[in-house]
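For reference, the chains in residue letters:
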Amino acid sequence: MKNEKIKPVKLLVVAISLLLVYTTSLSQNDPKWKSLDDDLNSYFKGVIETQKYVALGACIIKNDEVIWKGSYGYSDLENKKLLKADDIIQIASLSKTVTAAALMTLYDKGLFNLDDDINNYIPIKVRNPNFPEKPITFRMLLTHTSSLEDVLSNGLKVPKGVERPHGVSGDPDISLKDFIKELFVPGGKYYSIEYFSTEEPGTKYSYSNFSYALIGYLIEHISKKDFSEYCKENIFIPLGMKDTGWMLRDVDTNRVIFGYGSLTNDNIIAYKKVKPFGIPDYPSGNLRTTLEDFSKFLSAFMNKGIYNNYQLLKPETVDLMLTPQGIKNIPSRSFPILDIGLTWLLNDIEGSVLYNMNGFSGSGFTNAYFSPKEKIGILYFFTGLTMKNMMGMLDITLKLYHSVK
């Protein structure tokens, strides 16, 4: 999620030769793993130099275990603070997978059906004014087919005459409940008919951050608990995700890395340093976590909903979330997208189907892939985005996938 109203801290001009600092760890004491470590270290040192990333972290998961992880570059470039394996990152839209899982824990309890009208569960009415009689359902929110249209191919939609919801330095300055009312109740501070498509709900894919803000709001009303606290009690604590939270106040801020984006295409990069920020629609993209923590969440989806003997979701619910929903024409800037499950995309990578979700904030990028069939997963992030280096994700994905496969 890009947040264009977050103000930069300062500009920093830096030569890429400074970025050759790294740490790695292996879970196996075996020559073949040592060879893998050497190969990946050599590769990522080359990548961070060539692509001019500020920080890059990656890990490989096999059979519920992180078998390799590496950290390269700086979490705070100005102060030459090295990136560490347990540093905390904002994972942007990859957060949506956690929001979806939180909702489906309530599904496991029989508290709603996927094709129910969401208006039956909240005190406000959410309908597309172009189709006032057509209900918006949970399934539509989870598959980006709700007819909410707040993200365009070239950025966030900004309706005429209406203030666009924006983030602030630190945690959000408005509650999720108040944000939803201002956004969806006519006359609200953020309300605009332009956020609703002229396509009927359920008929067309249109990526939406507001859909996942609505999911968080639904979770609060169904569970009768604050969304952030519900996730903590039902996902983070049971899975041992001790360094994960939706708010900065929930994590060790000394370990939260800074984002960096580029303002030029030059060989000497002018980075914009971005402080950790909060967005009002935070269930859509504001989760902070570590590679180690998120690998536990990913492992649960690779193992029928179980991690470390904790059943996060029923096996049949995980299967349902990974079942193709028959959604056509999903755009992709990387590997071909075959379909979407309930939030997770189905990607074709060299003839194999891998589940994927990523996140983009303008100053950082995160990406996760996994295969329940092969019991493998890959996870990585980088900061120091330029107009040229985003597509480095293609090569990074293939390198990690080939290494684990």
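Our subject is the structure listed above.
Conventions and cut-offs
- Residues numbered from 1 in each chain as written.
- Predicted model: local features only at pLDDT ≥ 70, side-chain atom pairs only at ≥ 80, totals over all residues.
- Heavy atoms only, no water.
- Salt bridge = Lys/Arg side-chain N within 4 Å of Asp/Glu carboxyl O.
- Helix = DSSP H or I, 4+ residues; strand = E, 2+ residues; numbered from the N terminus.
- Polar contact = N/O pair within 3.5 Å; in protein donor to acceptor, adjacent residues only side chain to side chain.
- Axes fitted to C-alpha atoms, helices over the stretch in contact; angles between N-to-C directions.
- Parallel < 35°, antiparallel > 145°, perpendicular 65-115°, else oblique.
- Left-handed = near helix turned anticlockwise from the far one by under 90°.
- Contact = heavy atoms within 4.5 Å.
- Nonpolar A, V, L, I, M, F, W, Y, C, P; charged D, E, K, R; others polar.
- Core = buried A, V, L, I, M, F, W, Y, C linked by side-chain atoms within 4.5 Å.
- Buried < 20%, exposed > 50% of the residue type's maximum accessible area, 1.4 Å probe, protein only.
- Phe/Tyr/Trp six-rings, centres within 6.5 Å; stacked < 30°, edge-to-face > 60°.
- Lys NZ or Arg CZ within 6 Å of the ring centre and 35° of its normal.
- Pairing = 2+ DSSP bridges.
- Expected span 1.5 Å × (residues − 1).
- Arc of directions from axis to C-beta.

Caption draft 1: Layout of the pattern of salt bridges. Throughout the structure, instances matching the rule amount to 16 salt bridges. Here Arg139 and Asp115 are joined by a salt bridge, their closest N and O atoms 2.8 Å apart. Taken together, the positions of Arg139 in helix 3 (residues 138-142) and Asp115 in the loop between helix 2 (96-108) and helix 3 put the pair 24 residues apart, joining distant regions of the chain. In this structure, the salt-bridge partner of Asp319 is Lys304, at a minimum N-O distance of 2.9 Å. Here Asp319, found in helix 8 (residues 315-321), pairs with Lys304, found in the loop between helix 7 (291-302) and strand 14 (306-307); they are 15 residues apart in sequence, far enough to count as distant. Members of the salt-bridge network, linked through shared partners, are Asp86, Lys242, Asp243, Asp252 and Arg255.

Caption draft 2: Up close: the side chain of Glu78. With respect to the secondary-structure elements, Glu78 resides in the loop between strand 4 (65-76) and strand 5 (81-82). At a separation of 2.7 Å, a polar atom in the side chain of Glu78 contacts the side chain of Tyr260.

Caption draft 3: Fine view of unusual backbone geometry. The phi dihedral of Lys224 is positive, around 60°, even though this residue is not glycine. Topologically, Lys224 is positioned in the loop between helix 5 (210-223) and helix 6 (227-239). One non-glycine residue with positive phi stands out, namely Glu350, at about 55°. Inspection of the secondary structure assignment puts Glu350 in the loop between strand 17 (345-349) and strand 18 (352-360).

Caption draft 4: Region of the structure containing the packing of helix 4 (residues 176-184) against helix 5. Direction vectors running N to C along helix 4 and helix 5 enclose 130°, while the axes themselves pass 10 Å from each other. As the angle between them shows, helix 4 and helix 5 are arranged oblique. Note that helix 4 runs across helix 5; the crossing there is left-handed. Between helix 4 and helix 5, the residues in contact are Leu176, Lys177, Phe179, Ile180, Lys181, Leu183 and Phe184 and Phe210, Ala213, Leu214, Gly216, Tyr217 and Glu220, respectively. Taken together, the residues of the contact of helix 4 with helix 5 sort by class into 9 nonpolar, 1 polar and 3 charged.

Caption draft 5: Here's a closer look at the nonpolar core. Membership of the largest hydrophobic core comes to 81 residues, with the highest contact counts inside it found for Phe184, Leu214, Ile235, Phe297 and Phe301. The biggest single contributor to this core is helix 5, with 9 residues. In contact with Leu214, other than residues within four places in its own chain, are Ile118, Ile122, Val126, Leu141, Leu148, Ile180 and Phe184. With 30 residues, the next largest nonpolar core counts Leu56, Ile67, Met393 and Ile396 among its residues.

Caption draft 6: Fine view of the packing of aromatic side chains. Across all of its chains, the model carries 25 aromatic pairs by this definition. Each ring, one from Tyr191 and one from Phe196, has its centre 6.3 Å from the other, and the planes form 45°; the classification is tilted. Aromatic rings pair up to connect Phe294, Phe297, Phe301, Trp344, Tyr355 and Phe370 into one cluster. Cation over ring: Lys96 sits above Tyr212, and NZ or CZ is 5.7 Å from the ring centre. Note that Lys273 overlies the ring of Phe258, its terminal NZ or CZ placed 4.0 Å from the centroid.

Caption draft 7: Summary view of the pairing of strand 16 (residues 337-340). Where strand 16 meets strand 17, 3 bridges bridge the pair, whose relative direction is antiparallel. Each residue of the ladder has a partner; that of Ile340, found in strand 17, is Leu345. Remark: 4 residues form the turn of the hairpin made by strand 16 and strand 17, two consecutive strands paired antiparallel; Thr343 in that turn has positive phi of roughly 90°.

Caption draft 8: Broad picture of the pairing of strand 4. Counting buried positions along strand 4 yields 10 of 12 residues, so the element is predominantly enclosed. Hairpin connection between strand 3 (residues 55-62) and strand 4: a loop of 2 residues separates the two successive antiparallel strands, and Asn63 in this loop has a positive phi of roughly 55°. Alignment of strand 4 against strand 5, held across 2 bridges, turns out to be antiparallel. Looking across to strand 5, one finds that Tyr74 is bridged to Leu82. The hairpin turn running from strand 4 into strand 5, its antiparallel successor, is 4 residues long, and Lys80 in that turn takes a positive phi close to 50°.

Caption draft 9: Layout of helix 9 (residues 392-404). The end-to-end C-alpha separation of helix 9 is 19 Å, in line with the 18 Å expected for 13 residues at 1.5 Å each. Those residues of helix 9 that fall on the buried side of the exposure criterion are Gly392, Met393, Ile396, Thr397, Leu400, Tyr401 and Val404. Looking straight down helix 9, one finds that the buried residues subtend no more than 155° of arc, so they occupy a single side.

Caption draft 10: Focus on helix 5. Its 14 residues give helix 5 an end-to-end C-alpha distance of 20 Å, which sits within 8% of 20 Å, the value for a rise of 1.5 Å per residue. Most of helix 5 is tucked away: 13 of the 14 residues are buried. Backbone geometry just downstream of helix 5 places Lys224 in the positive-phi region, at approximately 60°.

Caption draft 11: Representation of the side chain of Ser228 within the structure. When you line up the elements, Ser228 lands in helix 6. A relative accessible area of 6% places Ser228 in the buried class. Not counting chain neighbours up to four residues away, the residues in contact with Ser228 comprise Trp246, Met247, Asp250 and Tyr282.

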